[in-house]
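# Working through the structure, step by step
Now for the letters of each chain:
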Amino acid sequence: MNAPVRMTQRASVADLSDPRQCERIEDFVREHRASLFHRPQWLRAVEHATGHRATGLVTEQLGVITGWLPLTEVRSLVFGRALVSSGFAVGGGIVADTPEAAAILAQAAQDHALRYGFPGIELRGGMIPAGWQSWDDKHCGFERALAADDDAELTAIPRKARAEVRKGLKNELPVKVGRSAEDLAAHYAVYSESVRNLGTPVFPRRLFAVMLDAFPGKSDILTVFQEDAPIASVLSFYHEGAVLPFWGGGTWAARGARANELMYYELMLHARRQGMERFDFGRSKTGSGPYKFKKNWGFAPQPLTYASWTAPGEQARDVDPTSEAYSRKIELWKKLPLRLANTIGQFIARDLA
């Protein structure tokens, strides 16, 4: 009797300019309930906004996709070169039907990196390849279910944080949700000031505009105003039943008005009305101020496992803005005038993928 023929899997570079292949990858992402950052739309939006090429690797068997690794090809004079999964994201990595498909993707990624001169690969989640460096002590994710109604949502917030939300509600600050040019301008004004105050270069405004265009029915901006001026704002995405407040911040005035607390509470209410079931509070560095803020809101931290591969003879790049290497630069950045920080920062931050 003849032995059964074993159909091998093969890896190839995805053609993200081909709508049919993108549709097949989208179906695979949806089937596996993978992250927003695995979607080809995310990669292509990053490329369109920053110039960092969108690519990725797929494994197939008998014409059926069995694995997917989204990649952003980062080429920066300041921060070096790397394959990142995924660029400008907190998630990504290998999604595969089997460990075999995952191993094939990992090897194909190494081969791709060596062939095109990338000294390293960075995976933000997903299946971890054998032999790669991995860690789970640097960042945590925060997510919980949304409550059944507005009152229950407020009650779900622990007492101390709930008191801050109530203070914000008493101020009766106007809240607006939209996707217009005016909404984007208000958001960018708040966000750019917020990250400057933290000592971080602001992402280019074009990135936010392109992301809104890429996800027309799955993104919006919620802004809190005080005397007609925006003081807190967040750009959010909606994916697989969850709202992701992704780029948000507040001015100094937001603190006294409790506008940040109001903003997130109002977003919870808005998201539930949009049919969302979960609130994904995103990633924070373990032990940081944002980490403690989210814990105080009743979110349990979940360690995030990341991984990297570095080519022989190369050094892993450092783009962590909280590392000691950047501490002095951060303190200097905080002192820059806002207009200067925004002008310079967008050229630096577009490489912080």
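Everything that follows concerns the structure shown earlier in this document.
Here is a short report on the structure shown in this document. (Residues numbered from 1 in each chain as written. Predicted model: local features only at pLDDT ≥ 70, side-chain atom pairs only at ≥ 80, totals over all residues. Heavy atoms only, no water.)

## Some remarks on the pattern of salt bridges
Quick note on the threshold: Only one rule defines a salt bridge in this text: a Lys or Arg side-chain nitrogen within 4 Å of an Asp or Glu carboxyl oxygen. The way it works is that DSSP assigns letters per residue, a run of H or I at least four long becomes a helix, a run of E at least two long becomes a strand, and they are numbered from the N terminus. Buried means the residue's accessible area, taken with a 1.4 Å probe over protein chains only, is under 20% of the maximum for its type, while exposed means over 50%, and partly exposed covers the values in between.
Scanning all chains against the criterion turns up 15 salt bridges. Arg30 is the partner of Asp27 in a salt bridge, and the nearest nitrogen-oxygen pair spans 2.8 Å. Separated by three residues within a single helix, Asp27 and Arg30 lie in helix α1 (residues 19-31), roughly one turn from each other. Residue classification places Asp27 among the partly exposed residues on the basis of a relative accessible area of 36%. Taking relative accessible area as the criterion, Arg30 reaches 48% and is therefore assigned partly exposed.

## A word on unusual backbone geometry
Backbone torsion omega between Ser85 and Ser86 reads 0 degrees, so that peptide bond is classified as cis. On the secondary structure map, Ser86 appears in the loop between β4 (80-85) and β5 (95-96). Not every positive phi belongs to a glycine, and Leu62 is a case in point at roughly 55 degrees. Assignment of secondary structure puts Leu62 in the loop between β2 (53-61) and β3 (64-76). Within the chain, Glu240 stands out as a residue other than glycine whose phi angle is a positive 50 degrees.

## Re the nonpolar core
Stated precisely, the cut-off is as follows: Joining through side-chain atoms within 4.5 Å is the link that ties buried Ala, Val, Leu, Ile, Met, Phe, Trp, Tyr and Cys residues into a set, and such a set is a nonpolar core.
If you look at the biggest cluster of nonpolar residues, it comprises 32 residues, and the most contacted ones within it are Val224, Phe279 and Trp297. Secondary structure elements with two or more residues in this core: β8 (139-145), α5 (159-170), β10 (219-226), β11 (229-239), α8 (252-257), α9 (259-273) and β13 (278-285). The element best represented in this core is α9, accounting for nine residues. Among the nonpolar cores identified, the runner-up in size contains 28 residues, and Leu184, Val210, Met211 and Phe237 belong to it.

## Description of the environment of Arg39
So the rule is basically this: Contact criterion: two residues are considered in contact whenever any of their non-hydrogen atoms come within 4.5 Å of each other.
Relative to the elements of secondary structure, Arg39 occurs in the loop between α1 and α2 (40-50). Separated by eleven residues in the primary sequence, Arg39 and Phe28 place their C-alpha atoms 9.5 Å from one another. If we skip the residues at most four places from it in the chain, Arg39 touches Glu26, Val29, Phe215 and His239.

## Looking at the packing of aromatic side chains
The following threshold applies: Stacked, edge-to-face and tilted labels apply to pairs of Phe, Tyr and Trp rings (six-membered ring for Trp) whose centres lie within 6.5 Å, assigned for plane angles under 30 degrees, over 60, and everything in between, in that order. Counted as over-ring charges are cases with an Arg CZ or a Lys NZ within 6 Å of the ring centre that also lie within 35 degrees of the ring normal.
Summed over the entire model, instances satisfying the criterion amount to 25 aromatic pairs. Centroid distance Phe215 to Phe237: 5.7 Å. Interplanar angle 80 degrees. Geometry classified as edge-to-face. In this pair, Phe215 sits in the loop between α7 (205-214) and β10 while Phe237 sits in strand β11, placing the two residues 22 residues apart along the sequence. The pair Phe215 / Phe237 is uniform in exposure class, with both members buried. An angle of 85 degrees between the planes, with centres 5.1 Å apart, marks the rings of Phe279 and Phe281 as edge-to-face. By the burial criterion, Phe279 is buried, and Phe281 matches it. Members of the aromatic cluster, joined through ring pairs, are Phe37, Trp42, Phe88, Tyr188, Tyr191, Phe203, Phe208, Phe215, Phe237, Phe246 and Trp247. Above the face of the Phe118 ring, Arg81 is positioned so that its terminal group lies 4.9 Å from the ring centre. Geometry around Trp135 places Lys138 over its ring, the cationic atom sitting 5.0 Å from the centre.

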